[in-house]
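Listed here are the chains, written in short residue letters.
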Amino acid sequence: MNRPYLGLWALLVVALAIVAALSFCPKVAADLHLKTAGFAETLFAPPQPAAPAAKAQGRKPSGAYRRPQTVKTDTASKTILFIGDSMLEGLSPRLAAYAKRNGHTLVSVIWYSSSTEVWGSTTKLKDYIARFHPDYVMVCLGANELFVPDIAKRRQRYLNAMLSQIGRLPYIWIGPPNWKPDTGINQMLQSTLAPGSFFLSNGQHFDRAADGAHPTRQSAAQWMDRVCRWIVAKSAHPIRLERPAEQSAHCRTLVLQPVR
């Protein structure tokens, strides 16, 4: 090694030794108005455990949906198309009161004994959308499919067909008010519908009518109250739904009989 480089290495070694000595003798360093760099602490510190890896963040299911703070309540008057099965008998009058109180127009279509299969195998939803030009679609279906086995295999294509007919319109789907455990209808709906568009009714309290399935009129009105609060506070498409003083109101209602 050349002499100039040898001298340079010697100076570096001496400087390193001085820094190390001062790190072990903080009092001396303080007297000399020097700041130690924690050399000794760093050199002889025990190894630190590695920081845990961050968990991968997957897409949350709609049931765990958190609406972005940027989403504001749409205060404009809406034409609402509400379609579904016989559960609408109890829900529609209460929703009509909300519509009247908040300047909305409600059209209700009750198709008795209907299901995703019944609606999804026709173009009736698309036809009603073309007829009434709604700004907002609400659906209540699933009560007639609580006990369908292999439901995703049997009904998924009909649910997809309904969503295709709704297209880009804002929508809310009200799940069935279970009176017994289902075989997968709620899971299929929750995993398919857009985040913030599915209201899970299963697990809530309902006073039942004589058939043991349908909520009483009062319980159905309370059910709709919960739905409306959820739409405003948590849904992906909040609209103005101030609570009405009237318990019920009338709206345009179309009735379809069961498919034979």
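Cut-offs and rules
Residues numbered from 1 in each chain as written. Predicted model: local features only at pLDDT ≥ 70, side-chain atom pairs only at ≥ 80, totals over all residues. Heavy atoms only, no water. Helix = DSSP H or I, 4+ residues; strand = E, 2+ residues; numbered from the N terminus. Buried < 20%, exposed > 50% of the residue type's maximum accessible area, 1.4 Å probe, protein only. Pairing = 2+ DSSP bridges. Right-handed = clockwise from strand over helix to strand, strands pointing away.

Concerning unusual backbone geometry
Notably, Ser 113 is not glycine yet its phi reads approximately 60°, a positive angle. Within the fold, Ser 113 resides in the loop between β2 (105-111) and α5 (116-120). Although it is not a glycine, His 133 adopts a positive phi angle of roughly 50°. Note on placement: His 133 falls in the loop between α6 (124-132) and β3 (136-140).

Section: the pairing of β2
Within β2, six of the seven residues are buried, which leaves it mostly tucked inside the rest of the structure. Where strand β1 (residues 79-84) meets β2, six bridges bridge the pair, whose relative direction is parallel. From the neighbouring strand, Phe 82 faces β2, where its bridge partner is Ser 108. The parallel pair β1 and β2 is bridged by helix α4 (residues 88-102), and the resulting crossover is right-handed. Alignment of β2 against strand β6 (residues 252-256), held across five bridges, turns out to be parallel. If you follow Val 109 over to β6, its bridge partner there is Leu 254.

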